[in-house]
Each structure stands twice: as structure tokens, then as C-alpha cells.
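Structural overview for review
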Amino acid sequence: MPSPRVVRNFWISAEVDGRQSRLTGGPRAKDGGITLRLYQRSSGRVKTALRVECRAASDGTLRLDVEPALPWSTAKKNGKLRIETKR
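Residues numbered from 1 in each chain as written. Predicted model: local features only at pLDDT ≥ 70, side-chain atom pairs only at ≥ 80, totals over all residues. Heavy atoms only, no water.

Before going further, it helps to examine the nonpolar core. Phe10, Ile34, Leu50, Val52 and Cys54 together form the largest nonpolar core, which totals five residues. The element best represented in this core is strand S4 (residues 45-56), accounting for three residues. Those residues within four positions of Val52 in sequence are excluded, and the remaining contacts are Ile34, Thr35, Leu36, Arg37, Leu64, Asp65 and Val66. (Core = buried A, V, L, I, M, F, W, Y, C linked by side-chain atoms within 4.5 Å. Buried < 20%, exposed > 50% of the residue type's maximum accessible area, 1.4 Å probe, protein only. Helix = DSSP H or I, 4+ residues; strand = E, 2+ residues; numbered from the N terminus. Contact = heavy atoms within 4.5 Å.)

Here it is in C-alpha cells:
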């Protein structure tokens with residue numbers, strides 16, 4: 001994915017199968033943030049799999065918190081966080 005040209009504190013760019021265009025965007029204000037939830041099927045139910053909070057503090061510090069909401073493991077091959085469930 002190419003890098004966005006204009007970014008405030010945070011920016012989302014996502015490719016979704018079946019969509020012709022990317023989902024992109026960021027906060028409008030210089031002190032704005034993003035709250036992101038990713039959902040995943042688990043044994044027939046839809047559950048929150050991952051929460052991401054992006055916040056700007058008044059002192060200019062940017063904070064990105066990632067919280068797995070389902071059990072996770074570390075992939076052996078590349079060390080990435082992995083959440084696996086059955087549909």
C-alpha cells in the first residue's frame with residue numbers, strides 16, 4: 001500500500017476483499033484520535049477480536065494501544081500476533 005500524502009496524528013488504510021476502493025481516513029483535528037475494532041467469527045458468533053486506540057496527549061505525545069480481545073498466540077514464522085478461531 002502506498003503511504004498517504006497528508007497525515008495528521010494517525011491514518012487508517014485498509015484493503016477489503018470484494019471492495020473496489022480502500023477504506024482510508026484519519027482524524028480531522030490535530031488533537032484527534034482513532035478508535036478501531038476488528039471483529040471475527042468464533043464458533044458461529046461475532047466477537048471483538050482486536051481493539052486499537054490512537055490518542056494524542058496535550059503535550060504532543062502520540063499513543064497507540066493495541067489490545068487483543070480474544071485468545072492469541074505469536075506466529076512462529078514471523079513473530080506476529082495471531083488470533084485464530086473456527087468460523
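Continuing now.
Tracing the chain through its elements places Ser42 in strand S3 (residues 34-42). The class of Ser42 is buried, set by a relative accessible area of 14%. Other than its neighbours up to four places away in sequence, Ser42 contacts Lys47, Thr85, Lys86 and Arg87.

By the definition in use, this model includes six salt bridges. Residues Arg22 and Glu15 are paired through a salt bridge, measuring 3.2 Å at the closest nitrogen-oxygen approach. Overall, the relative accessible area of 55% leaves Glu15 in the exposed class. One salt bridge in this structure joins Glu53 and Arg37, with 3.0 Å as the shortest N-O distance. Placement of the pair is Glu53 in strand S4 and Arg37 in strand S3, with a sequence separation of 16 residues. Residue classification places Glu53 among the partly exposed positions, given a relative accessible area of 22%. Judged by its relative accessible area of 30%, Arg37 is partly exposed. (Salt bridge = Lys/Arg side-chain N within 4 Å of Asp/Glu carboxyl O.)

The strand order S3-S4-S5 describes an open sheet built from three strands, whose pairing is antiparallel. Each of the sheet's edge strands pairs with one partner strand only, and the pair in question is S3 and strand S5 (62-68). For this sheet the average axis-to-axis angle between neighbouring strands, irrespective of direction, equals 15°. Bridge analysis of S4 against S5 gives seven bridges, and the strand direction is antiparallel. In the sheet register, Arg55 faces S5, and the bridge partner there is Arg63. (Pairing = 2+ DSSP bridges. Axes fitted to C-alpha atoms, helices over the stretch in contact; angles between N-to-C directions.)

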